[in-house]
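If you want the building blocks of each chain, they are given just below.
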Amino acid sequence: MNSATECNNNELNALTDSIMCKVQTVQQKTKESRRCSFRLTPTATYRQLIMVILANLGIVATGMGLGFPAVSLNQLTDSDQDFHMTSSQASWFASINAISCPLGGLLSGYLLDSLGRKKTILSFNLISIFSWGLMIFRISSNNNVILIQIMISRFLIGISTGLASSPAGVYSAEICHSSLRGRLTLGTSIATAFGIMLIYILGYFIRNDYQLISTIVCGYSIISIICCFPIRESPVWLLSKNMYDESLNNLKYFRGVKKNDNTDYDEIKNELDELQRAVPHRTSKREFKETIGRPEIYKPLLIMIGFFGFQQFSGIFVVIVYAVQFSIEAGVSIDPLLCAILIGLTRIVTTFLVGIILDKWGRRPPAMISASGMAISMFLLAASTWFPEVIGKIPYITVISIVTYIFTSTLGLMTLPFSMISEVFPPSARGQCAGITICCGYLMSFVAIKLYPGMVSSIGNENVFAFYGLVSLLAIVYVYIYLPETKGKTLKQIEDHFKNKSSSGSQCSEIEAKQLFKA
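In this convention, every chain numbers its residues from 1, walking through the sequence in written order. Local features in this predicted model are restricted to residues of pLDDT 70 or higher, and side-chain atom pairs are both shown and tallied only at a pLDDT of 80 or more, whereas totals for entire chains, interfaces and linings draw on every residue. Side-chain metrics rest on all non-hydrogen atoms present in the structure, leaving aside hydrogens and water.

Asker: Can you walk me through the overall build of the chain in this structure?
Answerer: The numbering of helices and of strands both runs from the N terminus, where a helix is a DSSP run of H or I of at least 4 residues and a strand a run of E of at least 2. When its secondary structure is counted, the chain shows 25 helices and 0 strands. Burial status across the chain gives 55% buried among its 519 residues. Contacts spanning at least 24 positions in sequence make up 83% of the contacts within the chain whose residues lie at least 6 apart. Only the protein chains shown count as cover for residues, with accessible areas throughout obtained via the Shrake-Rupley method and a probe of 1.4 Å. Counting every atom, the chain has about 22,300 Å² of accessible surface; 63% of that belongs to carbon and sulfur. Exposure classes here rest on a 1.4 Å probe applied to the protein chains alone. A residue is buried below 20% of its type maximum, exposed above 50%, and partly exposed in between. In what follows, residue pairs with any heavy atoms lying within 4.5 Å of each other are defined as contacts.

Asker: Any chance you could explain the side chain of Ser-314 here in plain terms?
Answerer: Residue position: Ser-314 is located in the loop between α15 (295–313) and α16 (316–321). Distance and chemistry together define a polar contact, namely a pair of N or O atoms within 3.5 Å, with one atom able to donate a hydrogen and the other to accept it when in protein, and with adjacent residues in sequence counting only for side-chain atoms on both sides. Here the side chain of Ser-314 touches Gln-311 through a polar contact of 2.9 Å, landing on its backbone oxygen.

Asker: How do you make sense of the packing of helix α3 (residues 59–76) against helix α6 (residues 143–164) when you look at a structure like this?
Answerer: Each packed pair of helices is defined by two parameters, the angle between the axes and the distance between the axes. In this analysis an axis means a line fitted to C-alpha atoms, helices contributing only their contacting stretch, and an angle means the value between N-to-C directions, from 0 to 180 degrees. Relative to each other, α3 and α6 sit at 150°, their axes nearing to 8 Å. What the angle tells us is that α3 and α6 run roughly antiparallel. At the point where α3 passes α6, the crossing takes the left-handed sense. Facing Ile-59, Thr-62, Gly-65, Leu-66, Phe-68, Pro-69 and Leu-76 of α3, the residues of α6 in contact are Ile-150, Arg-154, Ile-157, Ser-160, Thr-161 and Ala-164. The residue inventory of the contact of α3 with α6, partitioned by class, reads 8 nonpolar, 4 polar and 1 charged. Here roughly perpendicular refers to angles of 65 to 115 degrees, roughly parallel to angles under 35, roughly antiparallel to angles over 145, and oblique to all remaining angles. The crossing is said to be left-handed when, going from far helix to near helix, the turn is anticlockwise and less than a right angle, and right-handed when the turn is clockwise. Under this grouping Gly is polar, as are all residues other than the nonpolar Ala, Val, Leu, Ile, Met, Phe, Trp, Tyr, Cys and Pro and the charged Asp, Glu, Lys and Arg.

Asker: Help me understand the environment of Ile-305 in this model?
Answerer: Within the fold, Ile-305 resides in helix α15. With 132 residues separating them in the primary sequence, Ile-305 and Thr-437 have C-alpha atoms 5.5 Å apart. Dropping the residues within four chain positions of it, Ile-305 is found in contact with Ile-436, Thr-437, Cys-440 and Met-444.

Asker: Before we go on, may I ask you to explain the confidence of the model for the chain in this structure?
Answerer: Detail in the predicted coordinates should be disregarded across regions flagged by low pLDDT. Mean pLDDT for the chain: 80, with 83% of residues reaching 70 or above. Predictor confidence is given residue by residue as pLDDT, running from a minimum of 0 to a maximum of 100. Summarising per-element confidence for the chain, the mean pLDDT is lowest in helix α25 (residues 510–517) (40) and highest in helix α10 (residues 210–227) (95). Considering only residues more than four positions removed or in separate chains, one finds that residues 29–38, a stretch of pLDDT under 50, has 17 contacts. Low pLDDT, under 50, characterises residues 501–519; the stretch is placed with 29 contacts to residues that sit more than four places away or in other chains.

Asker: What's the story with helix α20 (residues 397–411) in this structure? I'm lost.
Answerer: For the α-helix, the turn length of 3.6 residues means that residues three or four positions removed from each other point alike. In this model α20 runs 21 Å from its N-terminal to its C-terminal C-alpha over 15 residues, within 8% of the 21 Å that 1.5 Å per residue would give. By the criterion of burial, α20 is predominantly enclosed, with 11 of the 15 residues buried. Along α20, the residues that are buried comprise Ile-397, Thr-398, Val-399, Ser-401, Ile-402, Tyr-405, Ile-406, Thr-408, Ser-409, Thr-410 and Leu-411. Looking at the buried side of α20, the elements it contacts are α16, α17 (323–330), α18 (336–361) and α19 (364–386). By this rule the span expected of a helix is its residue count minus one, scaled by 1.5 Å.

Asker: Please clarify how a nonpolar patch on the surface should be interpreted in this entry.
Answerer: Together, Leu-345, Val-349, Leu-353, Ile-356 and Phe-407 make up a nonpolar patch on the protein surface, roughly 430 Å² of accessible area in all. No other element matches the 4 residues that α18 contributes to the nonpolar patch. Mapped onto the elements of the fold, Leu-345 is located in helix α18. Residue Leu-345 is classed as partly exposed on the basis of its relative accessible area of 43%. Grouping into patches uses exposed residues only, defined as over 30% relative accessible area, and leaves out salt-bridged ones; the cut-off is 9 Å for like charges and 5 Å for nonpolar side chains (Val, Leu, Ile, Met, Phe, Trp, Tyr). Just to be clear on terms, a salt bridge is a Lys or Arg side-chain nitrogen sitting within 4 Å of an Asp or Glu carboxyl oxygen.

Asker: What is the right way to read the packing of aromatic side chains from this model?
Answerer: To describe a pair of aromatic rings, you give the distance between the ring centres and the angle between the ring planes. Paired rings are identified among Phe, Tyr and Trp, the last through its six-membered ring, by centres lying within 6.5 Å, and are further divided according to the angle between planes into stacked (under 30 degrees), edge-to-face (over 60) and tilted (the rest). For the coordinates displayed, the defined rule picks out 10 aromatic pairs. Consider the rings of Phe-68 and Phe-93, whose centres lie 6.2 Å apart with planes at 55°: the pair is tilted. Residue Phe-68 is located in helix α3, and its partner Phe-93 is located in helix α4 (residues 87–114); the two are separated by 25 residues in the primary sequence. The same class applies to Phe-68 and to Phe-93, which are both buried. Here the aromatic rings of Phe-467 and Tyr-468 are separated by 5.9 Å at their centres, their planes lie at 55°, and the arrangement is tilted. Taken together, the ring pairs connect Phe-68, Phe-93 and Trp-132 into an aromatic cluster. Sitting over the ring of Phe-93, Arg-154 keeps its end group 5.1 Å from the ring centre. Two limits define a charge over a ring: the Lys NZ or Arg CZ must be within 6 Å of the ring centre, and within 35 degrees of the ring normal. Positioned over the ring face of Tyr-253 is Arg-232, at 4.0 Å from the centre of the ring.

Asker: Can you walk me through the pattern of salt bridges in this structure?
Answerer: Inspection of the entire model under this criterion finds 3 salt bridges. Notably, a salt bridge pairs Asp-113 with Arg-117, separated by 3.9 Å at the nearest N-O pair. Note that Arg-207 is salt-bridged to Asp-335, the shortest N-O span being 2.9 Å. Taken as a pair, Arg-207 in the loop between α9 (187–205) and α10 and Asp-335 in the loop between α17 and α18 lie far apart in primary sequence, 128 residues in all. Arg-207 gets classed as partly exposed once you look at its relative accessible area, which sits at 40%.

Below, the structure is given as C-alpha cells:
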C-alpha cells in the first residue's frame with residue numbers, strides 16, 4: 001500500500017513539475033513578448049511617424065522661404081512696377097536670409113536646451129507667421145520704407161529657417177527607434193524639399209504677385225503652428241531636466257505601450273537608464289567651453305562644419321535660390337519656371353528615396369555617390385558652353401544636367417548634413433553643437449549665394465559651374481576620410497565611436513570600400 005502511495009506521489013510530483021515547467025515557459029515567452037511588444041509594432045511606428053510629421057510641418061514654410069527669390073525676383077526687379085529693386089538690392093534680397101540663419105541656428109541651440117524641443121518648434125513657426133505678414137502688408141507707400149520692410153521680412157525668414165534647421169531633426173532622432181531613425185530623421189529634408197517645390201508651383205501659376213504667394217505661405221504657417229500643440233516632448237530633454245516619470249511615460253508612448261498599461265518593461269527601463277547616463281544634466285555655457293575639447297564633441301563638430309562647407313560651395317543652395325535665373329544662365333530651352341518645378345519635383349522625389357537608400361547603404365556610400373554625380377553634372381554644364389559644337393548640340397543636355405545634379409545632390413550632400421547633426425553629437429551638448437553647426441553652415445550659405453551673381457559676371461557661368469564641380473570632387477575625398485558611418489548604431493554607440501582614438505571615416509572596412517567602388 002505504501003509502495004503504491006509513494007508511486008502515486010512520485011507521478012503527481014512529476015506531473016506537477018511538468019505543469020510548472022510549462023507555466024514558467026509560457027510566462028517567460030509572455031514576458032519576452034511583452035519586452036518586444038513596444039518595439040517596431042505598428043502602433044509604435046505610427047506614433048513615431050505622426051510626431052515626426054507634426055514636428056516637420058513648419059519646415060515646409062522655411063523651404064518656401066528658401067525658394068521665394070526664384071519666383072519673386074522677376075517682379076521685384078521689373079522697372080515697370082511701382083516698386084522695384086536694383087540688381088545690388090536684389091542680391092541682398094536673395095541672400096540676406098542667409099545672414100540671419102546663423103543667428104537662428106545659435107538661438108536654436110539655446111532654446112533646444114532651455115525650453116525643450118516642442119517649444120522651440122512652436123517658436124520658429126511663430127516667427128514664420130510674423131515674417132510673412134511683413135511681406136504681405138505694406139505699412140507705407142514710400143519705396144524706401146517698402147524696401148526696408150521687405151528686407152526685415154527676409155531677415156526674419158532667415159532667423160526662422162536657422163531656428164528650424166535642427167529642432168525637428170534632433171527631436172526625431174531622440175524619439176525614434178534606431179531602425180527607423182535613418183528614415184524619419186529625413187523629415188526635415190523632405191519638408192524643405194516639399195516647400196521648395198510648392199513655392200515653384202505657386203510661382204508658375206501666380207506670376208508677378210509675390211504678396212499673394214506670401215499670403216498663402218502665411219496661412220500655411222498658421223495651420224502648422226496649430227498642428228504642433230499635440231507634440232509630446234522628447235524623453236531625452238525631460239531627463240536633462242530630471243523629469244524621470246514624464247520621460248518614462250513619453251518613452252512608453254513612443255514605443256507603442258497602451259495608455260493604461262502599467263507594466264514595467266525591462267527594455268524600456270534599460271533604454272531610459274542608458275539615456276539618463278548619457279544625459280546627466282544640461283551642459284551650461286561654461287561647462288560646454290570646458291568640455292568642447294572632448295573628442296566626442298569637437299570631432300563631430302569639426303566634421304559636420306566641414307561637411308556643410310562642401311554642401312554650400314558645391315552650389316546646392318545657389319540652385320535653390322536662383323533656380324529660374326540659374327536655368328536661364330545654363331541655357332535651358334524650356335520655360336525657366338517649369339524647369340524650376342522640375343528641380344523641385346526631382347528633389348522631393350529623391351528625398352523620399354533617400355530614406356530607403358540610407359537604411360540599405362548607410363551614410364558614407366550615398367554621400368560619395370552624390371558628390372560624384374554632382375561633379376559630373378556640373379562639368380557637363382560647363383562643357384556645353386566650352387564645346388558648344390559638340391556637347392552643346394546634345395538635345396536637352398542642360399536640362400538633363402540640372403535635373404541630374406538635383407537628383408544626385410539630394411541623395412547625399414543636400415540631405416545628409418541636416419540629418420546627421422541629429423545623430424553625431426552627444427545628448428548633453430546636442431543642442432549647442434547643432435546650433436553652432438547650423439550657424440557655420442548658413443554663414444557659408446550667405447557667402448555662396450551673395451557671391452554667385454558677381455562670380456557669373458566676372459568669370460562666366462561656365463567657369464562657375466566648373467568650380468562647383470571641382471568642390472564636389474573634393475567632397476568625395478573628404479567624406480571617405482572623415483565622415484563616420486552611423487547606420488544601425490544607437491546614439492550611445494555613435495558617441496562611444498568618437499571617444500575612441502580611431503574615429504575618422506577612413507577606418508571603414510575594406511569590404512565597404514570594395515562594395516562601393518566595385519565595377
